[in-house]
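# Secondary and tertiary structure notes
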Amino acid sequence: MVKREADISPYPKYQYFPSTEPPPTFAAQIAAVFLRYRPQIDTVALKKGLTSNEVLAVVRDELVALGFHVEAGKASADKLKRPVYFGLQGEATRKYEIDAYQPEWRCGLEIEAGRAWMGNAVYRDLVQAMVMVDVDILILAAPITYKFNSTGRNTSSNDFDNTLSVVSAIYGHSRVKIPYKLLLIGY
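Overview of the structure. All values reported here derive from a predicted model rather than from experimental measurement. (Residues numbered from 1 in each chain as written. Predicted model: local features only at pLDDT ≥ 70, side-chain atom pairs only at ≥ 80, totals over all residues. Heavy atoms only, no water.)

## So, the overall build of the protein chain
The number of helices and strands found in the protein chain is six helices and ten strands. Rg of the C-alpha trace for the protein chain: 17 Å, near the compact-globule value of 16 Å for 187 residues, within the 12% margin. Overall, the protein chain is about 65 × 40 × 35 Å in size when its C-alpha atoms are taken along their principal axes. Relative to its 187 residues, the protein chain shows a buried fraction of 42%. Accessible area for the protein chain stands at about 10,300 Å²; split by element, carbon and sulfur atoms hold 52% of it. (Helix = DSSP H or I, 4+ residues; strand = E, 2+ residues; numbered from the N terminus. Rg over C-alpha atoms; globule rule 2.2 N^0.38 Å. Buried < 20%, exposed > 50% of the residue type's maximum accessible area, 1.4 Å probe, protein only. Areas by Shrake-Rupley, 256 points an atom, 1.4 Å probe, with all protein chains shown as cover.)

Have a look at this one:
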């Protein structure tokens, strides 16, 4: 029996940055959540991937069990926001949305899907995490593969590999100092 790549590759794929430090112990717990729901969210095996909100809905209860506060829905009141600036009376005057936040670990989580790479959501997440208060670690979950139709032809983008390449360059370059650590997960 010939094994397909999806059967022999690690799942989920993940790497911690800076690569000179070992991942925190909770990295394996987060990876286990994505592994547990692989049949529902695996972007390699599924014909069409889920949206980021659909992936978040699948893993939501497990994240809550790990102590994460998780976005509840699309309505403004259901969004989870992290402060960036504070003004009079200590009121947060600027906030950015984030999918989940674990206060004990000071860890933000963003799950991306279709627009992760081609829509530049990865770049937005990397920049916004730089200025969010109390985000010492960003978990960025990106699809291993994004499948789409282009001019009538089915094609795909290797979103995890593309993101890994950019993140490796940023964390490995001497000109850039990122103020948080990063756990990149490919699902």
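That covers the picture; the talk isn't over yet.
## Observations concerning the pattern of salt bridges
Counted by the stated rule, this structure contains ten salt bridges. The partner of lysine 79 in a salt bridge is glutamate 71, with the nearest N and O atoms 3.8 Å apart. Given the relative accessible area of 22%, lysine 79 is considered partly exposed. Among the residues examined, glutamate 71 registers a relative accessible area of 7% and is labelled buried. Between arginine 82 and aspartate 134 there is a salt bridge, with the nearest N and O atoms lying 4.0 Å from each other. Of this pair, arginine 82 sits in strand S3 (residues 80-86) while aspartate 134 sits in the loop between helix H5 (121-131) and strand S7 (137-142), placing them 52 residues apart in sequence. By relative accessible area, arginine 82 is classed as buried at 13%. Bridged by salt links that share partners, the residues Arg82, Arg106, Asp134 and Asp136 form one connected network. (Salt bridge = Lys/Arg side-chain N within 4 Å of Asp/Glu carboxyl O.)

## Structural notes on a nonpolar patch on the surface
A surface patch of nonpolar side chains, about 240 Å² in accessible area, is lined by Val127, Met130 and Val131. Of the residues examined, valine 131 reaches a relative accessible area of 41% and is grouped as partly exposed. (Patch = residues over 30% accessible without salt bridge, like charges linked within 9 Å, V, L, I, M, F, W, Y side chains within 5 Å.)

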